[in-house]
Every structure is written in C-alpha cells, then in structure tokens.
Amino acid sequence: MNIHLIAVGEKMPRWVSEGYQEYAKRLPNECALKLIEIAPGKRGKNADIARAMRDEGERMLAAIPKNAWVVALEVEGKAWSTEALAEQLDGWMNQGSDIALLVGGPEGLAPEAKALAKQQWSLSPLTLPHPLVRVLLSEQIYRAWSVLRNHPYHRA
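This one's a predicted model, so the numbers in the text were calculated from it and none came from an experiment.

A. Examining the pairing of strand E3 (residues 69-79) more closely. Looking at chain direction, E3 and strand E4 (residues 99-103) are connected through four bridges and run parallel. Its bridge partner lying in E4, Val 70 is registered against Ala 100. After leaving E3, the chain enters helix H3 (residues 82-95) and then returns to the sheet as E4, a path that is right-handed. Looking at chain direction, E3 and strand E5 (residues 119-122) are connected through five bridges and run parallel. The residue bridging Ala 79 from the neighbouring strand is Ser 122, located in E5.

Dropping the structure here:
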C-alpha cells in the first residue's frame, strides 16, 4: 500500500523537506509514504481566491491515484489519538487500496476535493502552518506504524 500525501504548496524550506524525508524513509514498503506537491493557485492583491481554490482542487483531484481511499485533512475532521491512528492505519493496510491524504492551501481544500473524501481527519483544533503539517503527518504515520509493529520508537 502507498500513502500519497497530496499537499498544496511547493518549494518548502529545507527543514520541512528534511523533516518529512526523515520519517518517510523509515516507513517500509507495506505503507510507503509518497509526497505529491500541488502548485498553489495565484494569490496576492485582488486575487480571485475562489478561482485559486478551484485550480488547486482540479490539480489535486487529478493527482489522486485511481481507487485510492481519500482522507481530507480538515480542522473539523475527527481527531485521533496515536492508538486510534494506528487502528486506522491497520484498517487502511488491510483494505488493500492506496490512501490519499489531502492537505489544502491557505483557505483549505477545494469543495470538490473535500466532497470526494471518505474520511476527514483533524490533526489539531489549532491552525498549523502548512509546511509543518507535512512533517507532523509523516512522523505520526511512522509512529502509528511503530505501534502496530511493536517497534520501540513509540513508548507510551
């Protein structure tokens, strides 16, 4: 199974790329984590935000692998403990299809992308910087895998 982290934003700072890669490379092929960066829509003075989100949504939908189980990262989604995330990961791995984790731009996910999601997951009620979300997601997925495999990384 592959987990596709489909996130709006490109050209992240080095610390983001290094942090993300540190955990992604630790994951085995049974749940490989792959990043797909989506070019952000045009923003700035007098920008058409609705059009920017629509453009991001179109690119995001095109990047979702066929038959993937889609999970939207949304502040109003369900918050999972580490153990609950491990249960989710176990279920995802057992269902046999790839997973697509969708992370929107500054205004969130396009409505079309959000509507496609079978689940909504909230990392926190806090507003998190989008670059940090990539690092946090990769670490939490690695931690959930370590719980499932009784790996010493997770010590509750």
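B. Seen up close, unusual backbone geometry. Phi angles above zero are rare outside glycine, and Lys 11 is one such case at about 55°. On the basis of relative accessibility, which here comes to 79%, the residue Lys 11 falls in the exposed class. Of note in this structure, Asn 150 is not a glycine but carries a positive phi near 50°. Inspection of the secondary structure assignment puts Asn 150 in the segment after helix H5 (130-148).

C. Layout of the environment of Leu 132. Its place among the elements puts Leu 132 in helix H5. In this structure the C-alpha to C-alpha distance between Leu 132 and Asn 150, which are 18 residues apart in sequence, comes to 27 Å.

D. Spatial organisation of the pattern of salt bridges. Following the criterion strictly, the structure yields eight salt bridges and no others. In this structure, Lys 114 engages Glu 74 in a salt bridge whose closest nitrogen and oxygen atoms are separated by 3.6 Å. Taken together, the residues Lys 114 in helix H4 (residues 111-116) and Glu 74 in strand E3 connect sequence positions 40 residues apart. Owing to a relative accessible area of 29%, Lys 114 belongs among the partly exposed residues under this scheme. Look at Glu 74 and you get buried, because its relative accessible area is 11%. Salt-bridge contacts for Lys 114 lead to Glu 76; the nearest nitrogen and oxygen are separated by 2.8 Å. With Lys 114 in helix H4 and Glu 76 in strand E3, this pair connects stretches of sequence that are 38 residues apart.

E. Representation of the environment of Leu 137. With respect to the helices, strands and loops of the structure, Leu 137 is situated in helix H5. The class for Leu 137 is buried, based on a relative accessible area of 1%. Between the alpha carbons of Leu 137 and Ile 49 there is a distance of 26 Å; along the sequence they are 88 residues apart.

F. Here's a closer look at the nonpolar core. Ile 3 and Leu 101 are the most contacted members of the largest nonpolar core, which has 28 residues in total. Ranked by residue count, the leading element in this core is H5, at six residues. Setting aside its immediate chain neighbours within four residues, Leu 101 contacts Ile 3, His 4, Leu 5, Ile 6, Val 71, Leu 73, Trp 92, Trp 121, Leu 137 and Ile 141. Of all hydrophobic cores here, the second largest spans 13 residues; its members include Ile 38, Met 60, Ala 72 and Ala 117.

Rules used in this analysis
- Residue positions are counted from 1 within each chain, in the order its sequence is given.
- Local features in this predicted model are restricted to residues whose pLDDT is 70 or higher, and side-chain atom pairs enter the listing and the counts only when it is 80 or higher, whereas totals over whole chains, interfaces and linings include all residues.
- Side-chain metrics rest on all non-hydrogen atoms present in the structure, leaving aside hydrogens and water.
- Two strands pair under a simple rule: DSSP has to find at least two bridges between them.
- Each helix is a run of DSSP H or I of at least 4 residues and each strand a run of E of at least 2, with the numbering of both proceeding from the N terminus.
- Crossover handedness is defined by viewing with both strands directed away from the observer: a clockwise path from the first strand over the helix to the second marks the crossover as right-handed.
- Categorising residues by exposure relies on relative accessible area from a 1.4 Å probe, with only protein chains included: less than 20% of the type maximum marks a residue as buried, more than 50% marks it as exposed, and the intermediate range marks it as partly exposed.
- Any Lys or Arg side-chain nitrogen found within 4 Å of a carboxyl oxygen on Asp or Glu counts as a salt bridge.
- Here, nonpolar core refers to any group of buried Ala, Val, Leu, Ile, Met, Phe, Trp, Tyr and Cys residues whose side-chain atoms link them within 4.5 Å.
- Contacts are assigned to residue pairs with any non-hydrogen atoms lying within 4.5 Å of each other.

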